[in-house]
Amino acid sequence: ISQEFDSADEKDAWAILQDIPQTHFVGKDDSIIPDAISRTYSKKLLRKDCTRIIEVRGASHTIGWQENWKDLLEIKPFCGNNYRDRGPQHVQCLPV
């Protein structure tokens, strides 16, 4: 959400985002943008079953994405709790 929203717009934006299935990919070895940023964002959403944070092993901020991207695109965002068995072996779904 852009910092340009005023508080009323921000409330509306968060309400809209609640029901949009979201998948956030984070590199396990990323020291520039840690998974804590995705977790902070996801914690603001009331509907936790529509947000996934996927940790990619062997990926940093700039390395490890190209070779994994095809597999990552197979992970489709959805709402629901049956997510543990989804995705390739080199990714891990983190708790929100």
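Residues numbered from 1 in each chain as written. Predicted model: local features only at pLDDT ≥ 70, side-chain atom pairs only at ≥ 80, totals over all residues. Heavy atoms only, no water.

A. The overall build of the protein chain, seen in detail. Each helix and strand in the protein chain was counted, giving three helices and three strands. Across the 96 residues that make up the protein chain, the buried fraction comes to 34%. A total of about 6600 Å² of accessible surface is found on the protein chain, and carbon and sulfur atoms cover 51% of it. (Helix = DSSP H or I, 4+ residues; strand = E, 2+ residues; numbered from the N terminus. Buried < 20%, exposed > 50% of the residue type's maximum accessible area, 1.4 Å probe, protein only. Areas by Shrake-Rupley, 256 points an atom, 1.4 Å probe, with all protein chains shown as cover.)

B. Quick peek at the pairing of strand E2 (residues 51–56). Counting buried residues in E2 gives six out of six residues, a clear majority hidden from the surface. Where burial is concerned, the two faces of E2 agree: the one with Thr51, Ile53 and Glu55 and the one with Arg52, Ile54 and Val56 are both buried. Pairing of strand E1 (residues 22–27) with E2, which is carried by six bridges, proceeds in the parallel orientation. For Val26, the partnering residue across the bridge sits in E2 and is Glu55. (Pairing = 2+ DSSP bridges.)

C. Quick peek at the pattern of salt bridges. Taken as a whole and assessed by the stated rule, the structure comprises three salt bridges. Of the charged contacts, one joins Arg39 and Asp35 as a salt bridge, the two residues approaching to 3.1 Å between their closest N and O atoms. One end of the pair, Arg39, and the other, Asp35, are both in helix H2 (residues 35–43), four residues apart, so they sit about a helical turn from each other. You can call Arg39 partly exposed: its relative accessible area is 24%. Residue Asp35 is classed as partly exposed on the basis of its relative accessible area of 24%. For Asp49, the salt bridge identified is with Arg47, shortest N-O distance 2.9 Å. Connected through shared salt-bridge partners, Asp19, Arg47 and Asp49 make up one network. (Salt bridge = Lys/Arg side-chain N within 4 Å of Asp/Glu carboxyl O.)

On their own, these measurements won't tell you what the molecule is for.
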